Amino acid sequence: MTLLIGSVTIGLILAMLALGIFISFRIFDFPDITAEGSFTFGAAIAAAGIIAGLNPLLATLLAFIGGSLAGMITGFLHTRFKINPLLAGILVMTALYSVNLHVMGRSNLPLLSETTLFTWFDQLSMSISGEDATSMILGWEVPSKNLWTLLFCFLMISVISTVTWWFFRTRLGTAMRATGDNQQMIRALGVNTKLMIIAGIALSNGLIALSGALLAQFQGFADVQMGIGMLVWGLASVIIGEALIAEKSLALLITGAVVGSVLFRLLVAIALRWGMNPNDLKLITAAFVFLALILPGFMKRIKKVKI
Amino acid sequence: MKVFSGIAKAFLALVMVSAILLVSDLNNRNSARERSDDEKGETRFYKICLVHYVDSPNSEECEEGVRAFFEDQGWEEDTDFSLQVYNSQGDMSTLNSIAGTVSSQRWDLVMASSTPTNQVLVKKVTESPIVFINVGDPIIAGFGDSFEQHLPNITGISTMSDFAGLVDMITIIHPNIKRIGTVFTPAEINSVAYKERLEEAASDAGIELISIPAASVTEVADAAISLSSRKIGAYCQISDNLTASCSATIIKASRDARIPYYGFITKQIDQGAVAVAARDYHQAGYDAGRMAKDVLEGKSPGTIPFEYVTKTIYRVNNTAATFYKVELPKKLLSKYNLTK
C-alpha cells in the first residue's frame, strides 16, 4: 500500500509535466523540447530559493514564473525569428543547462534538512494524528504523513487541471486553441497568433517547472541532470491518456493526461516490484507504452466482430 | 454519456493496475508483525537491496566488491542472504519509483551506489539502515556535517580520489612543475568537489591548477586541446562520469601536445597515462560490505563514522614515460612500491 500511495504521488507530481507537454504538443501542435530544461529550471529555482530562506510556497511559485519565462523565450525565438520549434526548444534547453548551474551554484543541491512544502505536510500530519501515526487500509499499515502528501498532490493537480480547463474555455483560451488548430483562420479573425503561441508555451513550461519544483522537494534534492528523459515520460503519459479515453473533449483530454501519468508510474512500480532484471526495465516500459497504444484499437475491433 | 464512458474507462484502468500492484505487494501486508516473528528464528537470513544510479564500470566493481566480501564471510546467496539489485539507468523519475518500491518493503539493509541514489533513499527509506558506496563527498551530498556527525540512518564509504598522492607523485617526477591542468564537469557535483580538492592539494605543493569546464563528450575534446595551450606541465585529470567515459580523448590531446598525462582511474594506465593513483572501487564495495556486516549484526549506522576507501592503487607506465620523455626517479618507485 505504501508502494501504491508513493507511486500515485509521483504520478500526480509528474502529471503537471504531462499537462504542460499536452498544452505544447497537443493544443499548440508545437514540439517543445524546452521541457527538459525548464523541468530542471523549476527544481533549481525552488531548491536555491528554499536554501536561501524563502518560504517554500513562494519558491515554488517563483519556479512557475521562471519556467514561464523560459517558455516565453522559446515562443519568442520561434515567432520573431522564425526558428523551427524543435530548434528553438533545443536552443533554450541548452542555454538553461548553464542557467541552472548558475542558479544552483553547483550541480546538486540537497534539501534533506530544509523545510519544504512536503515537510509542512509531515508536520500537519504530526499535529493532527500524532508522530509516527499509521493508518490501516485493507490490512496494510500506512504512515499517515504519506496519505497527507498524497491528498495534497491530488488537491493540487485537481485545482491546476480545473484552472487549465477553465482557462482554455475563456475567450483568450479559445483563441489559443484555435491558433493550434488553424493559424490562418484565427489570424483572419484578427487574433495575434504570435502572442498566443508565446503565452501558450509560457504556460506549458510554467507547469513543467512547477512539476520539477515539486519533485525536487519530494525527493529531497535538485540535480542538474533531473530533466533528462522527462520529455519522453511526459509524452508517453499524454499518449497513454489519449489512447485510453479516445475522446476529443478538452476536459477529458486533460483528465487523460493526468490519469496517463499516474497509470504510467503504477506500471513502472509493478515492473520494479516484480523484481525484473534491472537491465530490462526500459524494454518493459517501452512494451507498456506500446500495449497502451494498441489496446484501445484492438478492443474496438473485438466489439465490431461481435456485432 | 460518452463523456462518462471515457472517464469510467480511465478509472477502471487505474483501479485494475492498482489492484495488480497491491496483489504483487501482498507479502508486505502486516509486515511489522511478521518481522518480529522473524527475529525469533535461530538462523538469520539477511534481506539486502542494492540500488545503482546508472550502469557504469565503477558501480559494477562496487557490486562485485560487496559480493566478494559476503563470499569471504562464508555467506551464500539465497541461503544466507538475498541481494535484490535495482538500477535507475540514469533516469530521475525511475529513481523515485525505485525509492518507492524499496521503501515499501522491509529490508535488513539497503545499499546504494552514487550520490543521487542515496539522497532519494535517505529521504524515503526510514525503516531500514542505509550503507552508501561510490559517493565522492558525503558532506556536500547532505548526509552529515562531518564524517562522525551525520544522519542517524546512513553510513558508508566515500570514494574521494587520493589527490595528495597523485600530486606528490607528479612533484617527484617533475620537481619544477608550476602548472597542471584538468577538464571538469560543472554538472556533476563530484566533479566540482574533486576539482576544488585537487586545487587545494596542488596549491599545498605550490602548483597552480588550470581547470576547463565541459558539458558533453564533444566539449571534452575541445577543453582538452585548449588546456594544452595554457602552458601546463602535466594533465592531472580528475575522475567524473563524463570525463571517465571519454578519457581516451583527453589522453590523445595530451599525446598530441607531448604533455604527460596523469589520472585517478586504473584503466587509464593501459590507455597511456604515465602514472595513476586510483581508488579501488572493488575495494570500496568490499569495505562497504564490512560496514554492512556491522549494521546487520545490530550496530546503528548513526554511530559508525563515514570512511574513505582503504586501498589506493598506484601504477606507472614505462612506455608512456618514454613517449613523453619523462624520467621515473628511483625515489618514486620505492616510495609507492612500484615496479618499472
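Look up a bit, the structure's there.
Every value quoted in this text rests on a predicted model; they were computed, and no experiment measured them.

**Student:** Lay out the overall build of chain A with the relevant residues and their values.
**Tutor:** A tally of helices and strands in chain A yields 12 helices and four strands. Against the globule reference of 19 Å for 307 residues, chain A gives a C-alpha radius of gyration of 20 Å, in line with a compact fold. Along the longest, intermediate and shortest principal axes, the C-alpha atoms of chain A span 60 × 60 × 40 Å. Contacts in chain A between residues at least 24 apart in sequence constitute 77% of all its contacts with a sequence separation of at least 6.

**Student:** I'd like to hear about the overall build of chain B, residue by residue, with values.
**Tutor:** Counting secondary structure elements, chain B contains 14 helices and 12 strands. Dimensions along the principal axes, computed over C-alpha positions, put chain B at roughly 75 × 60 × 35 Å. For chain B, the residues scored as buried account for 48% of the 340 residues in total. Of all intrachain contacts in chain B linking residues separated by at least 6 positions in sequence, the fraction that spans at least 24 positions is 68%.

**Student:** Account for the pairing of strand 3 (residues 109–113) of chain B, with residues named and values stated.
**Tutor:** Residue and element names in this part refer to chain B. The element strand 3 is largely enclosed, with a buried count of five among its five residues. Both faces of strand 3 are covered, namely the face carrying Leu109, Met111 and Ser113 and the face carrying Val110 and Ala112. Looking at chain direction, strand 3 and strand 4 (residues 130–135) are connected through four bridges and run parallel. Directly across from Val110, in strand 4, lies its bridge partner Ile130. A crossover links strand 3 with its parallel partner strand 4, the connecting element being helix 5 (residues 115–124), and its sense is right-handed.

**Student:** Explain the pairing of strand 8 (residues 234–237) of chain B to me, using residue names and the numbers behind them.
**Tutor:** Residues and elements named next belong to chain B. Every second residue of strand 8 is oriented toward a common face, with Ala234 and Cys236 on one face and Tyr235 and Gln237 on the other, all of them buried. In this sheet, strand 8 lies alongside strand 6 (residues 179–184) in parallel orientation, the contact comprising two bridges. Each bridged residue has a counterpart across the sheet, and for Gly181 the counterpart in strand 8 is Tyr235. Bridge analysis of strand 8 against strand 9 (residues 261–263) gives three bridges, and the strand direction is parallel. Bridge pairing in strand 9 places Cys236 opposite Tyr262.

**Student:** Just give me the short version of the sheet that holds strand 2 (residues 81–87) of chain B, but keep the residues and values in it.
**Tutor:** Residues and elements named next belong to chain B. Pairing is parallel across the open sheet formed by six strands, whose spatial order is 2-1-3-4-5-11. A strand with exactly one partner marks an edge of an open sheet, and here the two such strands are strand 2 and strand 11 (307–308). Of the strand pairs in this sheet, strand 1 (residues 46–52) and strand 3 are connected by four bridges, and their pairing is parallel. If you follow Cys49 over to strand 3, its bridge partner there is Val110.

**Student:** Residues and numbers for the interface of chain B and chain A, please.
**Tutor:** Note: interface size is frequently given as the accessible area lost on complex formation between the parts. Contact residues are listed per partner, giving 49 residues for chain B and 54 residues for chain A. Those elements giving two or more residues to the side of chain B that touches chain A turn out to be helix 1 (2–24), strand 2, helix 4 (92–103), helix 5 and helix 7 (189–204) of chain B. It is helix 1 of chain B that contributes the most residues to the side of chain B that touches chain A, 14 residues altogether. When grouped by side-chain class, the residues that make up the side of chain B that touches chain A number 23 nonpolar, 19 polar and seven charged.

**Student:** Provide a residue-level description of the environment of Trp148(A), including the pertinent values.
**Tutor:** Residue and element names in this part refer to chain A. As for its placement among the helices and strands, Trp148 is situated in helix 6 (residues 144–167). Trp148 sits in the buried class, given 20 other C-beta atoms within 10 Å. The sequence separation of Trp148 and Ile239 amounts to 91 residues, and the corresponding C-alpha distance is 29 Å. What Trp148 contacts, discounting residues up to four positions off in sequence, is Phe121, Leu124 and Ser125.

**Student:** Hey, could you go over the packing of helix 3 (residues 56–81) of chain A against helix 9 (residues 193–219) of chain A for me, with residue numbers and the actual values?
**Tutor:** All names here are of chain A. Across the interface, helix 3 lies against helix 9 with an axial gap of 6 Å and an inter-helix angle of 145°. Between helix 3 and helix 9 the crossing geometry is right-handed. Of the residues in the contact of helix 3 with helix 9, the class split is 16 nonpolar, 14 polar and one charged.

Cut-offs and rules
- Residues numbered from 1 in each chain as written.
- Chains lettered and ligands numbered in written order.
- Predicted model: local features only at pLDDT ≥ 70, side-chain atom pairs only at ≥ 80, totals over all residues.
- Helix = DSSP H or I, 4+ residues; strand = E, 2+ residues; numbered from the N terminus.
- Rg over C-alpha atoms; globule rule 2.2 N^0.38 Å.
- Contact = placed C-beta atoms within 7 Å.
- Buried ≥ 20, exposed ≤ 12 C-beta atoms within 10 Å, placed from the backbone.
- Pairing = 2+ DSSP bridges.
- Right-handed = clockwise from strand over helix to strand, strands pointing away.
- Nonpolar A, V, L, I, M, F, W, Y, C, P; charged D, E, K, R; others polar.
- Axes fitted to C-alpha atoms, helices over the stretch in contact; angles between N-to-C directions.
- Left-handed = near helix turned anticlockwise from the far one by under 90°.

Don't take any of this as a statement about function, it's just geometry.
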